[in-house]
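Listed here are the chains, written in short residue letters.
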Amino acid sequence: DAKTTQPPSMDCAEGRAANLPCNHSTISGNEYVYWYRQIHSQGPQYIIHGLKNNETNEMASLIITEDRKSSTLILPHATLRDTAVYYCIVRVASGSARQLTFGSGTQLTVLP
Amino acid sequence: DSGVTQTPKHLITATGQRVTLRCSPRSGDLSVYWYQQSLDQGLQFLIQYYNGEERAKGNILERFSAQQFPDLHSELNLSSLELGDSALYFCASSPRQGWTYEQYFGPGTRLTVT
């Protein structure tokens, strides 16, 4: 699986958009980008995933660059409840072994 | 609520003891994963079961074992416990079909070994 690089921490003002970057320069053509978050000591929560097209769901948007070497998770209107560690994970979409490899993630703090 | 349940929520035990953690996946999910989260190691994959069969193994110690039962619930057995086994243990399940890999995590079991 491709290695990812994320900033260790970020702050965002409540109500503003939170843009969380992730670098995955060694990503392969068959690897998806997944985002999860973990609110303090709770189980990680799936947010969104994508291959090469931009994706949007009720929680967030995922923007993947054309060369797929980086991506940005966008929380359009951050709230205090979005304070969490955000993990960017790159994973192949094949095979029955589907474990996730979590890195250190980005601690997002939403400030009032 | 992810739909994945884990019991117990908290567990305090002594070194050398054995404990069993239980996980019930979301309805219809055939895959169950176990992860360990400790302060110094972060979230680490331990083992995956799919429809009763072991599918992948991660950094799981020989003192640890798991199984998935016909009703698809899973148990993680930890034996000869050491202080370093104190951690949060998460179970996750994933949908039975499709190429995507979203996993749904339970609330975790906090194990404290004294």
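The preceding data block contains the structure.
The rules behind these values
- Residues numbered from 1 in each chain as written.
- Chains lettered and ligands numbered in written order.
- Predicted model: local features only at pLDDT ≥ 70, side-chain atom pairs only at ≥ 80, totals over all residues.
- Heavy atoms only, no water.
- Core = buried A, V, L, I, M, F, W, Y, C linked by side-chain atoms within 4.5 Å.
- Buried < 20%, exposed > 50% of the residue type's maximum accessible area, 1.4 Å probe, protein only.
- Helix = DSSP H or I, 4+ residues; strand = E, 2+ residues; numbered from the N terminus.
- Contact = heavy atoms within 4.5 Å.
- Pairing = 2+ DSSP bridges.
- Disulfide = S-S within 2.5 Å.

1. A short note on the nonpolar core
- Counting residues in each nonpolar core, the largest one holds 21 residues, and the members touching the most others are Leu20, Trp35, Leu73, Leu75, Tyr86 and Leu108 of chain A.
- Those elements that place two or more of their residues in this core are strand 2 (18-23), strand 3 (31-38), strand 4 (45-50), strand 6 (61-64), strand 7 (70-75), strand 8 (84-92) and strand 9 (106-111) of chain A.
- Broken down by element, the residue count for this core peaks at 4 residues, all from strand 8 of chain A.
- With residues near it in sequence (within four places) discarded, Leu20 of chain A still touches Met10, Trp35, Ser71, Thr72, Leu73, Leu75, Tyr86, Thr106 and Leu108 of chain A.
- Ranked by size, the runner-up nonpolar core spans 20 residues in total, among them Phe64, Ala66, Leu76 and Tyr89 of chain B.

2. Points about the sheet that holds strand 2 of chain A
Residue and element names in this part refer to chain A.
- The 4 strands lie next to each other as 2-7-6-5, forming an open sheet whose pairing is antiparallel. Both edges of this open sheet fall to strand 2 and strand 5 (55-56), since each of them pairs with a single strand only.
- Of the strand pairs in this sheet, strand 6 and strand 7 are connected by 4 bridges, and their pairing is antiparallel. In the strand pairing of strand 7, Leu62 is matched with Leu73.

3. Side note on the state of the cysteines
- Evaluation of the coordinates by the stated rule reveals 2 disulfides over all chains.
- Between the sulfur atoms of Cys22 of chain A and its disulfide partner Cys88 of chain A the distance amounts to 2.1 Å. Because the sign of the S-S torsion sets the handedness, a value of about -80° for the bond joining Cys22 of chain A and Cys88 of chain A places this disulfide among the left-handed ones. Residue Cys22 of chain A is located in strand 2, and its partner Cys88 of chain A is located in strand 8; the two are separated by 66 residues in the primary sequence.
- Residue class for Cys22 of chain A comes out buried when judged on its relative accessible area of 1%.
- Disulfide pairing places Cys23 of chain B opposite Cys91 of chain B at an S-S distance of 1.7 Å. Across the disulfide from Cys23 of chain B to Cys91 of chain B, rotation about the S-S bond amounts to roughly -45°, and the bridge is consequently left-handed. With Cys23 of chain B in strand 3 (residues 19-24) and Cys91 of chain B in strand 9 (residues 87-94), this residue pair connects regions lying 68 residues apart in the sequence. Cys91 of chain B shares its class with Cys23 of chain B; the two are buried.

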